Amino acid sequence: MAEPVREELSALAAIFCGPDEWEVLSLSETDGAVFRILTKAEGFTDTDIPLQLVFHLPLSYPSCLPGIVVNSKHLTRAQCEIVKEKLLEQAETLLLEPMVHELVLWIQENLRHILKCPEAGGGSEKCSSAASMTVDDGLWMTLLHLDHMRVKAKYVKTLEKWASDLRLTGRLMFMGKIILILLQGDRNDIKEYLILQKTCKVDVDSSGKKCKEKMISVLFETKVQTEHKRFLAFEVKEYSSLDELQKEFETTGLKKLFSECVLRLVK
């Protein structure tokens, strides 16, 4: 990782030093840095809105734009996407220089103006309804397979946290030695999840040393269709039999997916 990036991370850690304001999620010599910043910005009702900003700085940063994920319990998914788009537009004006702190300051000063724009809802009931339709149209689903978990309790807790941070719903499913992760959410958020899954040290190897997940595979990815069940939360579930697991997929509208992708895992 380039020295300027290390210096920027060090500066950010010093700036965002309050409780839970700063957390490094991943540092990699091949994939760059992923970290989370918690901040607040004034909304259009003059009340502070908590924001969770996840940044991914690739190896070519700051020559390229950072990856950004915006989350807030006080904003709709459509509003979070608009805030992210505005941050990326601002980032384009800051290329070739450290920009994360500048972006955080910029959103603190400009969030209320962004939320007043018609495309962000602007407080209008009609616009808010239209935004909800856009969210549903953009819902994606991904099925992942994990080979194993050595430290299960800690691993599960980490996955639950990532799903919560990225506002993903779905299931973490255990049936015998089979481990499946079914995710629903914005496609970009699912991509951010995969970055975390592949770059963070989430488990331990046979010698007990912390390690990254190298044995994960994407079995299936699709846009959520009308026949698919919408999950309201991310839940961890244990299944005592293959029939029980199959029933879960069938009630979710994924009978064909179970036949094509899951059954071959038990053969």
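Residues numbered from 1 in each chain as written. Predicted model: local features only at pLDDT ≥ 70, side-chain atom pairs only at ≥ 80, totals over all residues. Heavy atoms only, no water.

Within an unreviewed UniProt entry, the label attached to the chain reads RWD domain-containing protein 3, and the organism entered is Bos mutus grunniens.

Draft legend 1. Spatial organisation of the nonpolar core. The biggest cluster of nonpolar side chains holds 35 residues, and the ones touching the most others in it are Phe35, Phe55, Leu87, Val100 and Ile107. Among the elements of the structure, α1 (3–15), β2 (32–42), β3 (48–57), β4 (67–71), α2 (77–92) and α3 (100–116) are those that each provide at least two residues to this core. Take this core: its biggest share by element is 8 residues, from α3. Apart from residues lying up to four places away in sequence, Leu87 is in contact with Leu53, Ile68, Val70, Leu103, Trp106 and Ile107. In this structure, Trp162, Leu166, Phe174 and Leu194 belong to the second largest nonpolar core, which totals 28 residues. (Core = buried A, V, L, I, M, F, W, Y, C linked by side-chain atoms within 4.5 Å. Buried < 20%, exposed > 50% of the residue type's maximum accessible area, 1.4 Å probe, protein only. Helix = DSSP H or I, 4+ residues; strand = E, 2+ residues; numbered from the N terminus. Contact = heavy atoms within 4.5 Å.)

Draft legend 2. How the structure looks around unusual backbone geometry. The step from Tyr61 to Pro62 runs through a cis peptide bond, and the omega angle for that step is 5°. Inspection of the secondary structure puts Pro62 in the loop between β3 and β4. The backbone phi angle of Leu96 is positive, close to 80°, even though this residue is not glycine. Tracing the chain through its elements places Leu96 in the loop between α2 and α3.

Draft legend 3. Region of interest: the domain arrangement of the chain. If you check the domain split of the chain, you get domain 1 (3–116) and domain 2 (139–262). One C-alpha centre belongs to domain 1, the other to domain 2, and the line joining them spans 27 Å. Interface area for domain 1 against domain 2, summed over the two sides, is near 1,300 Å², with a carbon-plus-sulfur share of 48%. It is Leu25, Val69 and Arg77 that lose the most area in domain 1 upon contact with domain 2, and together they represent 30% of the buried surface on that side. (Domains from an automatic or database assignment. Buried area = accessible area lost by both parts, 1.4 Å probe.)

Draft legend 4. Local environment of the packing of aromatic side chains. Applying the stated rule across the entire model yields 4 aromatic pairs. Where Trp22 meets Phe35, the ring centres are 4.9 Å apart and the plane angle is 35°; that geometry is what we call tilted. Of the two residues, Trp22 is situated in strand β1 (residues 22–28) and Phe35 in strand β2; the sequence distance between them amounts to 13 residues. Among the residues examined, Trp22 registers a relative accessible area of 18% and is labelled buried. We classify Phe35 as buried; its relative accessible area is 1%. With 5.5 Å between their ring centres and 55° between their planes, Phe249 and Phe258 make a pair best called tilted. What links up through ring pairs into an aromatic cluster is the set Trp22, Phe35 and Phe55. Positioned over the ring face of Phe174 is Lys152, at 4.0 Å from the centre of the ring. One cation-aromatic arrangement involves Arg187 over Trp140; the distance from NZ or CZ to the ring centre is 3.9 Å. (Phe/Tyr/Trp six-rings, centres within 6.5 Å; stacked < 30°, edge-to-face > 60°. Lys NZ or Arg CZ within 6 Å of the ring centre and 35° of its normal.)

Draft legend 5. Fine view of the environment of Thr158. Within the secondary structure layout, Thr158 lies in helix α5 (residues 152–165). Taking the C-alpha atoms as reference points, Thr158 and Lys73, separated by 85 residues in sequence, lie 20 Å from one another. A distance of 3.0 Å separates a polar atom in the side chain of Thr158 from the backbone oxygen of Lys154. (Polar contact = N/O pair within 3.5 Å; in protein donor to acceptor, adjacent residues only side chain to side chain.)

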